[in-house]
Amino acid sequence: MLCIALAGCAAPSPPLPPSLELPSPVTDLKAVRKGNNVLLTWTLPQETTDGEGIRFHGLTRICRSLIAPPSAPSSSPLSPMTDCGTPAAELTSSQLDITNTKPSANVPQRVNARYADPLPAEWSRDPAASITYAIESLNTSHRGAGLSNQVRVLAASTEPPPQDFAARLSAEGVVLSWTGPLLSILGGDSGPHYFYRVFRSTKDQPLPTFVGEIQRGRQSQMRLVDNTFAWEKTYEYRVNVTTRITAGVPHACPGESSPFPVCKDSIDVEGEDSALATVVAHDTFPPAIPTAVQAVFSGAGQKPFIDLTWNADTDADLTGYNIYRRDGGGQPIRVNTELVKAPTFRDANLGSSRTYFYSVAAVDARGNESTRSEEASETVP
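Now for a description of the structure that goes with this document. (Residues numbered from 1 in each chain as written. Predicted model: local features only at pLDDT ≥ 70, side-chain atom pairs only at ≥ 80, totals over all residues. Heavy atoms only, no water.)

### Regarding the overall build of the protein chain
Each helix and strand counted, the protein chain has one helix and 23 strands in total. Surface accessibility of the protein chain: about 21,300 Å² in total, with carbon and sulfur atoms responsible for 53%. (Helix = DSSP H or I, 4+ residues; strand = E, 2+ residues; numbered from the N terminus. Areas by Shrake-Rupley, 256 points an atom, 1.4 Å probe, with all protein chains shown as cover.)

See below:
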C-alpha cells in the first residue's frame, strides 16, 4: 500500500515567475474629430496579459503621429506606428473621463474612458495630411504590453461656427438663419469644400438629429427650414462648418485598425458647434384657407337643400371644417354641430325666398381655425 501511495504522488512543478502585471493592450480605440480636438474613446483594460485582474492602473499614454499624404494616390497600405515615441500626453486615471456600464447576463461590467486631445495648430496646414492615434496602458512601474489598435483622422483645419445663428417658428416650419463669409471662388475637386450642417436635439433625445446642410458659396445670408419636427416640443438647434476633403486624396477609413486600408472618395471634418438656438414648437398657426367654395340649390319634388363643395385642404394636421352662413346683411353663424371631415356639406335648414351666403374655415388638430373663405351665395326660390 505504501508503494502504491508513493507511486501516485506527482512530481512538484517548477515555480511560476512573478506576474509583471502588464495591462492587456486596448483593442477598441476609436477617434472622432470635432473642431480642433480629437475625441478618443476606449475600454479601460481590466486584466493583465497573464489573465489576472488589475488592482491598480498606471499611466495611459496618448500616442499620435502626423502622416503626410503620398504624392500620388496609392492603394498600398500606410505603415502603422511601431512605438509610442514621445507621447502627446501621459494621463492618470483621475485625468480620464471614465464611465461604468451596467453588467448584464452575457456582458460583464465595462469601464469606458474618454479623452479629448487638442491638435497642434501647425499640423492642420496640409488638408490631406492625417494623424494616427494609439494608446498604451502602463502598470504602476511604467511598463506596458504594447500599443492599442491604431485609428486615423484627418488633420485638416476647421472653420469657426457662425456667431449670429438664430431659429424662429413660422407657419412653414422652424426657420434657421445665419450669416457666413462670402467666397468668390469655390475649391476645385481636390480642394476642401465647406458645408454648414444643422442639427437639433431635445431633452428626451439628447443625441443630435441631422436637419440638413448647405454648401458655403457666394451668398452671405444663409437660410434653412426644418419642417420635420413635432409640435409641442422644445428643440435646441446648432450649426457647424464641416470641411469636406474630396476625391483624389488617399486616406484611411476612420476607426479602421492597421494596416489602414484606403477608402472613400471624401471625408468630413466637423467644426465646433455654434451657440444653441432654442425653439418651443407650440402650434398657433392655422391651416390654409379653403378655396373655390361653390353653393348649388336643389328642391324640385323634394325638400329643398343647398349643397356646398370646396377644394380639400392639404395640411397634414387638418381635422375638419366649419361651415358659416349668413342671411342677407346678418352676421355669419356656424351651421355645423360637428367638424365636417370631407370637403362637402348639405344645408337643408332653409327658408323660401332668401339668399344665403356661405364661407368655410379649416381646423387643425390643436383647434387652430383658419380665416373664413370667400363667400359663395345661392338663392332659394
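### Examining the pairing of strand β7 (residues 130-137)
For β7, a buried count of eight out of eight residues is recorded, marking the element as mostly surrounded by other parts of the structure. Side chains Ser130, Thr132, Ala134 and Glu136 of β7 all project onto a buried face; the interleaved residues Ile131, Tyr133, Ile135 and Ser137 project onto the opposite face, where all are buried too. Alignment of strand β3 (residues 60-67) against β7, held across eight bridges, turns out to be antiparallel. The residue of β7 that forms the bridge with Ser65 is Thr132. Across four bridges, β7 lies against strand β8 (residues 151-154) in antiparallel orientation. (Buried < 20%, exposed > 50% of the residue type's maximum accessible area, 1.4 Å probe, protein only. Pairing = 2+ DSSP bridges.)

### Comments concerning the nonpolar core
Formed by 23 residues in total, the largest nonpolar core has its most connected members in Leu40, Trp42, Ile62, Tyr115 and Tyr133. Core analysis: the next-biggest nonpolar cluster, separate from the first, contains 19 residues, Leu176, Val198, Tyr237 and Val241 among them. (Core = buried A, V, L, I, M, F, W, Y, C linked by side-chain atoms within 4.5 Å.)

### Some points on the sheet that holds β8
An order of β4-β3-β7-β8 is seen for the four strands of this open sheet, with the pairing classed as antiparallel. Every other strand in the sheet has two partners, leaving β4 (89-91) and β8 as the edge strands with one partner each. Mean inter-strand twist for the sheet, computed between neighbouring axes without regard to direction, equals 25 degrees. Sheet topology note: the β3/β4 ladder contains three bridges and is antiparallel. Looking at β4, one finds that Ile62 is bridged to Ala89. (Axes fitted to C-alpha atoms, helices over the stretch in contact; angles between N-to-C directions.)

### Remarks on the state of the cysteines
If you walk through the whole model with that rule in mind, you get one disulfide. For Cys63, the disulfide goes to Cys84, at an S-S distance of 2.1 Å. Negative torsions about the S-S bond denote left-handed disulfides, and the value of about -100 degrees found for Cys63 with Cys84 makes this one left-handed. Highlighted residues: Cys63 in strand β3 and Cys84 in the loop between β3 and β4, separated in sequence by 21 residues. (Disulfide = S-S within 2.5 Å.)

### Looking at the pattern of salt bridges
If you walk through the whole model with that rule in mind, you get 19 salt bridges. Put simply, Glu90 and Arg61 hold a salt bridge, and the shortest N to O gap is 3.0 Å. Pair noted here: Glu90 is in strand β4 and Arg61 is in strand β3, with a separation of 29 residues, a long-range link. The class of Glu90 is partly exposed, set by a relative accessible area of 39%. Judged by relative accessible area, Arg61 falls into the partly exposed class, the value being 23%. Taking the shortest distance from any N to any O, the salt bridge between Asp226 and Arg200 comes out at 2.7 Å. With a gap of 26 residues between them, Asp226 in strand β13 (residues 221-226) and Arg200 in strand β11 (residues 193-201) connect regions that are remote in the sequence. The same class applies to Asp226 as to Arg200, namely buried. Salt bridges sharing partners connect three or more residues here, namely Lys34, Arg197, Glu213, Arg244, Asp268, Glu270 and Asp273. (Salt bridge = Lys/Arg side-chain N within 4 Å of Asp/Glu carboxyl O.)

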